[in-house]
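Structural description and commentary
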Amino acid sequence: MAARPETARKILLYWMDAAIMLLGVMFVAITVVYLVAGRISTLNAAAVLVCLVGCFSLFPSLLRDAYEARPRPTPKLVAAGLSAAVAVSLVPRQPLEGVPSWLEIGILWLSIAALYLPLAVTLCLGVAVVALVSGYVIAVTGQPWLGVLLPETISAVLLTAAMLVWRWIWWTIRDAHDGKEAKARLAVSEERLRFARDLHDLLGHSLSVITLKSELAAKLATKDAGRASAEMAQVHRLAGESLAEVQQAVHGYQALDLDEELAGARVALEAAGARCLIDARTDGLSPAARTLLAWAVREGTTNVLKHSAATRCAITIDGGVLEMVNDGVAGRPSASGSGLRGLSERLATAGGSFSARPTPAGEFLLRAAVPA
């Protein structure tokens, strides 16, 4: 599960890397076309290619920095902007009809700069970039202003919005995952506090009395043997009562409710993106059998969440036999962890059976059988 947000991040970044690489190849091809057509000198073409290499080698790094947080503008961003400006300044005076120029490199830099700047600053910068680029091109080439300004404005808006939306998608995935982990950590902390509080309430008073009576018995051992013996008898009684209370508390923690575990498994699996189907016929099962199956459901759900990328999990219980099937098998299965080994030992001790292995159909089956 922890790997899924990181996988989403890689997909988003690799998708952008591929898009930027494609644009870089397109700009290089445009430069070559202008050079072959004689619309740009060899020296200018070489300068444009240097600027393109500078920009497109910095863009992936700029994207990765911006995906972690909203950073401040960096020297890398300024260097990429200067390279884009030089490339735009070398626009040919006689553009070829039907062949785009490399003006879009300025818009691409603007979309990346938007990841580093507040929205209001991005809007002002966008107006400035579109106005300067369009004005320069109109002045150099004599093209109609509407034919230059309108496409540049549309490109700036769409490309900047796409960049911001992609990062927003990643931040949403990351925050949802972090919130889920924080909730799990909080639940564990609350359970530890509750257990500590229960132990303190159970043992705090008893152990204090046992300590005092033991000290008193030690002092009376040489002075009043009869009273010392009575005190030690009380210590023995208190120790036995405390032990019984602790055993009762531990048994309460160990006694899981099968229906609650099934409901919890559905919630956890569906929150992780796996469709959960449950068909449980639990009528007639003894309390001990229900507890054992509850442990199997809990461990099986944990195993799916931690070690698979399942999109579907089916849980069936019939006649004291539990089967959990999921489609999240990836590569060679690893050896059973301590949780599955502990569950197998628990079921074997109770006279049941346990197995967990891939199926010929490419799924993973956990099967637990208990005496009904």
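Residues numbered from 1 in each chain as written. Predicted model: local features only at pLDDT ≥ 70, side-chain atom pairs only at ≥ 80, totals over all residues. Heavy atoms only, no water.

This next bit is on the confidence of the model for the protein. Put simply, the protein has an average pLDDT of 80, and 84% of its residues get 70 or more. Within the protein, no element has a lower average pLDDT than helix α7 (residues 225-254), which sits at 71, and none a higher one than strand β3 (residues 321-326), at 94. (pLDDT = per-residue confidence, 0-100. Helix = DSSP H or I, 4+ residues; strand = E, 2+ residues; numbered from the N terminus.)

Moving on, we get to the sheet that holds strand β1 (residues 275-281). Taken together, the five strands give an open sheet; going across it, the order is β1-β2-β3-β5-β4, and neighbouring strands pair in mixed fashion. Each edge of the sheet is formed by a strand with only one pairing partner; in this case those strands are β1 and β4 (353-358). Mean inter-strand twist for the sheet, computed between neighbouring axes without regard to direction, equals 5°. Direction of pairing for strand β2 (residues 312-318) relative to β3: antiparallel, over a ladder of six bridges. Bridge pairing in β3 places A314 opposite V325. Lying over the sheet, helix α8 (residues 258-271) contacts β1 and β2, oriented at roughly 165° with respect to β1. (Pairing = 2+ DSSP bridges. Axes fitted to C-alpha atoms, helices over the stretch in contact; angles between N-to-C directions. Contact = heavy atoms within 4.5 Å.)

Another point: the side chain of N303. Take N303: it is sitting in helix α9 (residues 287-307). Those residues in contact with N303, other than ones at most four positions away along the chain, are S308, L340 and F364.

The periodicity of an α-helix, 3.6 residues per turn, causes residues three or four positions apart to be oriented the same way. A rise of 1.5 Å per residue sets the reference length of helix α2 (residues 42-68), with its 27 residues, at 39 Å; its end C-alpha atoms lie 41 Å apart and thus fit the reference within 8%. Maximal helix bending in α2 amounts to about 30°, located at F59; proline P60 follows within four positions. Of all the residues in α2, the buried ones are A45, V48, C51, L52, C55, F56, F59, L62, L63, A66 and Y67. (Expected span 1.5 Å × (residues − 1). Bend = angle between axes of the 7 residues up to and from the residue. Buried < 20%, exposed > 50% of the residue type's maximum accessible area, 1.4 Å probe, protein only.)

Taking 1.5 Å of rise per residue, the 14 residues of α8 would be expected to cover 20 Å, and the 20 Å separating its terminal C-alpha atoms lies within 8% of that figure. Within α8 the residues assigned to the buried category are L258, E261, L262, A265 and L269. Viewed along the axis of α8, the buried residues span an arc of 100°, placing them on a single side of the element. Within α8, the exposed residues directed more than 90 degrees away from the buried face are E260, V267 and A271. Looking at the packing, one finds that the buried side of α8 touches β1, α9 and β2. Where α8 begins, the side chain of D257 points an oxygen toward the backbone nitrogen of D259, at a separation of 3.3 Å. Two residues or fewer after α8 comes G273, characterised by a positive phi angle close to 90°. (Arc of directions from axis to C-beta. Polar contact = N/O pair within 3.5 Å; in protein donor to acceptor, adjacent residues only side chain to side chain.)

Right, let's get into a nonpolar patch on the surface. On the surface, W145, L146, L150, I154, V157 and L158 cluster together into a nonpolar patch covering about 640 Å² of accessible area. Examined against the element boundaries, W145 turns out to sit in helix α6 (residues 145-220). Judged by relative accessible area, which is 55%, W145 ranks as exposed. (Patch = residues over 30% accessible without salt bridge, like charges linked within 9 Å, V, L, I, M, F, W, Y side chains within 5 Å. Areas by Shrake-Rupley, 256 points an atom, 1.4 Å probe, with all protein chains shown as cover. Salt bridge = Lys/Arg side-chain N within 4 Å of Asp/Glu carboxyl O.)

Before going further, it helps to examine the UniProt feature "transmembrane region" (unreviewed entry) in the protein. According to UniProt, the positions carrying the feature "transmembrane region" (unreviewed entry) are residues 12-37, 43-63, 107-133 and 145-170. End C-alpha to end C-alpha, residues 43-63 measures 31 Å, and it is 100% helix and 0% strand. Split by type, residues 145-170 is 100% helix and 0% strand. Its first and last C-alpha atoms lie 38 Å apart. (UniProt positions renumbered as here; feature names shortened; annotations may be inferred.)

According to the stated counting rule, one finds three aromatic pairs in the structure shown. Ring centres 5.5 Å apart and planes at 75° place the aromatic pair F56 and F59 in the edge-to-face group. Separated by three residues within a single helix, F56 and F59 lie in helix α2, roughly one turn from each other. The two residues F56 and F59 agree in class, both being buried. Members of the aromatic cluster, each reached through a chain of ring pairs, are F27, F56 and F59. (Phe/Tyr/Trp six-rings, centres within 6.5 Å; stacked < 30°, edge-to-face > 60°.)

On to empty space enclosed by the protein. Counted according to the given criterion, the structure contains two cavities of 30 Å³ or more. Around the largest cavity sit G300, N303, V304, M324, N326, F364 and L366, which together line it. Taken together, the residues of the lining of the largest cavity break down into four nonpolar, three polar and no charged. (1 Å grid on protein atoms, 1.4 Å probe; cavity = no way out; pocket = protein on both sides within 12 Å on 5 of 7 lines; lining within 4 Å. Points joined across faces, edges and corners; volume = space filled by probe spheres on them. Nonpolar A, V, L, I, M, F, W, Y, C, P; charged D, E, K, R; others polar.)

Before going further, it helps to spend a moment on the pattern of salt bridges. Summed over all chains, the structure comprises six salt bridges. In this structure, R281 and D279 form a salt bridge, with 3.3 Å as the shortest nitrogen-oxygen distance. R281 sits in the partly exposed class, given a relative accessible area of 49%. You can call D279 partly exposed: its relative accessible area is 34%. Across the salt bridge formed by R367 and E323, the nearest N and O atoms sit 3.5 Å from each other. Residue R367 is found in strand β5 (residues 364-369), and its partner E323 is found in strand β3; the two are separated by 44 residues along the sequence. On the accessibility criterion, R367 (31% relative accessible area) is partly exposed.

What follows is about the side chain of E261. Its place among the elements puts E261 in helix α8. For E261, a relative accessible area of 15% puts it in the buried group. Among residues more than four places away in sequence, those in contact with E261 are L256, A294, V297 and R298.

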